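# An overview of the molecular structure
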Amino acid sequence: GKTNMTTVLVIASIAAISKINVGNGTQLADVGLPSTVTVTYDDATTASLPVVWNAGTPIYDGSTSGTYVFAGTVTCPTGVINPNAVTAAVSVDVT
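### Structural notes on the pattern of salt bridges
Any two side chains of opposite charge can pair, so long as their charged atoms come close to each other. Applying the stated criterion across every chain, the model contains 1 salt bridge. A salt bridge links Asp93 to Lys19; its shortest N-O distance comes to 3.3 Å. Of this pair, Asp93 sits in strand E7 (residues 88–94) while Lys19 sits in the loop between strand E1 (9–14) and strand E2 (20–22); the two residues are 74 residues apart in sequence, bridging distant segments of the chain.

Written out as structure tokens, the structure is:
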């Protein structure tokens, strides 16, 4: 019989995200971290995938000025894998 080869897309990279600037006292829920990111697959096609952000490095504190870097993990749909654990990143400046 025939063997059906399922095409699996591999995440090669995630597009850079512009820095977000917020005023002092901004709650994390109001920062506006993106809910999706643009990924590029190993076949050079792109897609928008949902992303889940961590708490920031250092941990986000909207009442303390500084730069907080968030790492995002993409949610892979069926047929997409992320064997290199490519993550998204965004910086948030509290001023």
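### Comments concerning the nonpolar core
With 21 residues, the main nonpolar core has Ile11, Ile14, Val37, Val39 and Tyr60 as its most contacted residues. The set of elements that each furnish at least two residues to this core consists of E1, E2, strand E3 (36–41), strand E4 (46–53), strand E5 (66–74) and E7. Here Ile11 is in contact with Val39, Thr40, Tyr41, Leu49, Val74, Cys76, Val80, Ile81, Asn82 and Val86, once residues within four sequence places are set aside.

Criteria and thresholds
Residues numbered from 1 in each chain as written. Predicted model: local features only at pLDDT ≥ 70, side-chain atom pairs only at ≥ 80, totals over all residues. Heavy atoms only, no water. Salt bridge = Lys/Arg side-chain N within 4 Å of Asp/Glu carboxyl O. Helix = DSSP H or I, 4+ residues; strand = E, 2+ residues; numbered from the N terminus. Core = buried A, V, L, I, M, F, W, Y, C linked by side-chain atoms within 4.5 Å. Buried < 20%, exposed > 50% of the residue type's maximum accessible area, 1.4 Å probe, protein only. Contact = heavy atoms within 4.5 Å.

Shape descriptors only; they carry no functional weight alone.
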